[in-house]
There are 2 protein chains.
Amino acid sequence: MFDSKNPQRTPISDLGEFGLIDHLVKNAKTKLSNTALAVGDDAALIDQGDHYTAISTDLLVEGVHFDLSYVPLKHLGYKSVVVNLSDIYAMNGMAEHITVGIAVSNRFPVEALEEIYEGIHLACERYNVDLVGGDTTASQSGLMISITATGRVEKGAEAKRSGAGDNDLIVVSGDVGGAYMGLQILEREKQVFLENPEMQPELGGHEYILERQLKPEARKDIVELLKGLDVQPTSMIDISDGLSSEILHLSKASGTQFNIYENKIPIDPSIYTLCEEFNMNTTTVALNGGEDYELLFTIKIGDHDKIKANPNLTVIGYVKGGSGANLITRDEKVIELKAQGFKHHG
Amino acid sequence: MFDSKNPQRTPISDLGEFGLIDHLVKNAKTKLSNTALAVGDDAALIDQGDHYTAISTDLLVEGVHFDLSYVPLKHLGYKSVVVNLSDIYAMNGMAEHITVGIAVSNRFPVEALEEIYEGIHLACERYNVDLVGGDTTASQSGLMISITATGRVEKGAEAKRSGAGDNDLIVVSGDVGGAYMGLQILEREKQVFLENPEMQPELGGHEYILERQLKPEARKDIVELLKGLDVQPTSMIDISDGLSSEILHLSKASGTQFNIYENKIPIDPSIYTLCEEFNMNTTTVALNGGEDYELLFTIKIGDHDKIKANPNLTVIGYVKGGSGANLITRDEKVIELKAQGFKHHG
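Residues numbered from 1 in each chain as written. Chains lettered and ligands numbered in written order. Predicted model: local features only at pLDDT ≥ 70, side-chain atom pairs only at ≥ 80, totals over all residues.

**Description of the overall build of chain A**
Thinking step 1. The secondary structure content of chain A amounts to 10 helices and 13 strands.
Thinking step 2. If you line up chain A on its principal axes, its C-alpha atoms span 55 × 55 × 50 Å.
Thinking step 3. A buried classification covers 53% of the 346 residues belonging to chain A. (Helix = DSSP H or I, 4+ residues; strand = E, 2+ residues; numbered from the N terminus. Buried ≥ 20, exposed ≤ 12 C-beta atoms within 10 Å, placed from the backbone.)

Below you can see the structure in the form of structure tokens.
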């Protein structure tokens, strides 16, 4: 009855996710002197005097970010926490506290919420994080989880997206592409199940990538490792939308050019076999598959010796003056990276 | 395909909102030494050394917390922020930062999100708060807004729910019941509109209560006022679910008995006329209507002189040893207060 008289109707899809967030918050000028870093990084930084508090919020929506036909509720609770903690680690800080908001329709019984919270509590235990607040409410349809994580970042240790400089090395933790291939397996078995509900899903042999998709871990250990090695990342981001997309974020925020080598990208051996089976290109999967929650960061070239022997870290390229990002292929062709990112299913 | 094998299905309605939150987070033991206050108050408190950071999260769900047939999107954005800031003020602190998560279906154009964010930015301006982060995502249906507010609470100034002691006075800011009656007017006009879409809604003369419902303000000014008067509240809560429900929260958390006088409850004169029109009891509306976002708090009896002349504050009763809460009626009957709270429409 009080409909907006605004006659314009621009579909949200016209802007895309990053364009939309940019568009909506572009008017958000910060006013407070303790706002050290606002929108545009993995987390905001609040100056507390002798340290920063990092804050980050994520939403997970049924049918957009997860499919309950194959995501167990306990795993969902666990993953919801982990993906938020990952944003705090990506600032080179230690996650400490979370608040949890859950909107749930009445098709879910109390026992479903209990399973979700079991996963939430387990993640809090595993990462030494306290659950300090929350809100549980009805929804008209479906399930939505909103988590805010906060943590402590020591002054001078903060790793923003914007700090990469000429000659820095580009480093990635763990391996990439696994979570995406895990999703392919789950989607395939879901189709098989829909066509014949008597069939049992064939998931054997895919434990590693299924765990990467269903129960990912955040790289708290890498933040501790870098501290122990006395390596200060010059820039950092977590890999939620895909290696390619994250590299472009660092490049853009830092105003430098990122160059990575195709043959250096760390990929689990099982991915090669599976990509053949699915008729997919392994490099494409590694670049554009998302949800690995590894850390991508840059270090001063002088720190190379400190990290080069570590099996958790792989140097995949280098930074130089300029803009954009390139992939140097196995046959030494230079291909410009595009922000294809990771399209969430659904 | 991996359905939970848990055979129990307890409907969420069996537990109720407070029961549900209690039930789900009862296993959340805190581990960190800087977690000064966790679940169970208006906000959590994190010890930052020389001060606390207060954190609070709220969800607003379409069809549960708001009805877009009469809530303008800009007001919705404004109110979403205000209700969260109110939780920080209820700790006797100053809200400073918010993060915003919005899940939205594709029936909303970009212009709708712009209107919501206009309201969000306006509230940030009005309350001197910085928007520092957020997440915008698709939803399969409807609109959901999740806001986390953080703020600064000076050590020694924190007002928890649990601090009320014997002989303290019970004080409420502003007046109560207005937001609820505003909702009644909007619901009535919606019915008229649904029956005859040619009719224009009759909202004239109800500006005050409509603003209480559609564009409430948080009582930042009361926190500043109390500081100026050198009054430290012994306990405090904001009135989101209704005066009766909030009084019972303070009573339970403090382990004391709250006694309030019917004839002291501050009610706007327009409410009396309107209650007659709607055939409602004014005291019931004042006790059980929610969403006024006034502050309810207790003070030491020795501070009475400091506040008694202030038109923004009304002493409505006193605390004594014992438990529960009573209403002392105009004819001096003592009636036990029950946690009827405020049933959100929808």
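Past the structure itself, the notes keep going.
**Describing the environment of T53 of chain A**
Residue and element names in this part refer to chain A.
Thinking step 1. With respect to the element layout, T53 can be found in strand 3 (residues 51-61).
Thinking step 2. Residue classification places T53 among the buried positions, given that 26 C-beta atoms sit within 10 Å.
Thinking step 3. A sequence separation of 200 residues divides T53 from A253, and the C-alpha atoms of the two residues are 21 Å apart.

**Considerations on the interface of chain A and chain B**
Thinking step 1. The partner chain B presents 80 residues to the 79 residues of chain A that form the contact.
Thinking step 2. Elements supplying a minimum of two residues to the side of chain A that touches chain B: helix 1 (16-25), strand 2 (44-47), strand 3, strand 4 (94-104), helix 3 (110-127), strand 5 (130-138), strand 6 (143-154) and helix 4 (178-195) of chain A.
Thinking step 3. Of all the elements, strand 5 of chain A adds the most residues to the side of chain A that touches chain B, at nine residues.
Thinking step 4. Its residues placed into classes, the side of chain A that touches chain B shows 34 nonpolar, 32 polar and 13 charged. (Contact = placed C-beta atoms within 7 Å. Nonpolar A, V, L, I, M, F, W, Y, C, P; charged D, E, K, R; others polar.)

**Digging into the relation of the copies chain A and chain B**
Thinking step 1. Rotating chain A by 180 degrees about the axis while translating it 0.0 Å along that axis superimposes it on chain B, leaving an RMSD of 0.0 Å. A rotation of that kind, with that shift, is consistent with a two-fold axis.
Thinking step 2. The fraction of interface residues of chain A whose copies in chain B are also interface residues reaches 100%, indicating that both copies meet through the same surface. (Least-squares fit on C-alpha atoms with pLDDT ≥ 70 in both.)

**Comments concerning the packing of helix 4 (residues 178-195) of chain B against helix 5 (residues 207-214) of chain B**
All names here are of chain B.
Thinking step 1. In the contact formed by helix 4 and helix 5, the axes pass within 7 Å of each other and the chain directions differ by 100 degrees. Relative to helix 5, helix 4 is oriented roughly perpendicular. Here G178, A179, M181, G182, L183, I185 and L186 of helix 4 come into contact with helix 5, specifically with Y208, I209, L210, R212, Q213 and L214.
Thinking step 2. Counted by class, the contact of helix 4 with helix 5 contains nine nonpolar, three polar and one charged residues. (Axes fitted to C-alpha atoms, helices over the stretch in contact; angles between N-to-C directions. Parallel < 35°, antiparallel > 145°, perpendicular 65-115°, else oblique.)

**Some thoughts on the domain arrangement of chain A**
Residues and elements named next belong to chain A.
Thinking step 1. The assigned domain composition of chain A is domain 1 (33-154) and domain 2 (169-336).
Thinking step 2. Centre-to-centre, using C-alpha coordinates, domain 1 lies 22 Å away from domain 2.
Thinking step 3. Counting from both sides, the interface comprises 17 residues of domain 1 and, opposite them, 17 residues of domain 2.
Thinking step 4. It is helix 2 (residues 73-89) that contributes the most residues to the side of domain 1 that touches domain 2, nine residues altogether.
Thinking step 5. Grouping the amino acids of the side of domain 1 that touches domain 2 by side-chain chemistry returns 10 nonpolar, four polar and three charged. (Domains from an automatic or database assignment.)

**Describing the sheet that holds strand 3 of chain A**
Residue and element names in this part refer to chain A.
Thinking step 1. Strand order in the open sheet formed by six strands is 1-2-3-6-4-5, with mixed pairing between adjacent strands. Every other strand in the sheet has two partners, leaving strand 1 (35-37) and strand 5 as the edge strands with one partner each. The average angle at which neighbouring strand axes cross in this sheet is 20 degrees, direction not considered.
Thinking step 2. Bridging between strand 1 and strand 2 involves two bridges; their strand directions are antiparallel. Among the inter-strand pairings, L37 is bridged to a residue of strand 2, identified as L45.
Thinking step 3. Set on the sheet, helix 2 makes contact with strand 3, strand 4 and strand 6; between it and strand 6 the angle comes to about 30 degrees. (Pairing = 2+ DSSP bridges.)

**Focus: unusual backbone geometry**
Thinking step 1. Notably, N279 of chain A is not glycine yet its phi reads approximately 55 degrees, a positive angle.
Thinking step 2. Tracing the chain through its elements places N279 of chain A in the loop between helix 8 (269-277) and helix 9 (282-288).
Thinking step 3. A residue is classified by how many C-beta atoms lie within 10 Å of it, and N279 of chain A, with 6 of them, is exposed.
Thinking step 4. For Y293 of chain B, which is not glycine, the phi torsion reads 55 degrees and is therefore positive.
Thinking step 5. With respect to the helices and strands, Y293 of chain B occurs in the loop between helix 9 (282-288) and strand 10 (295-299).

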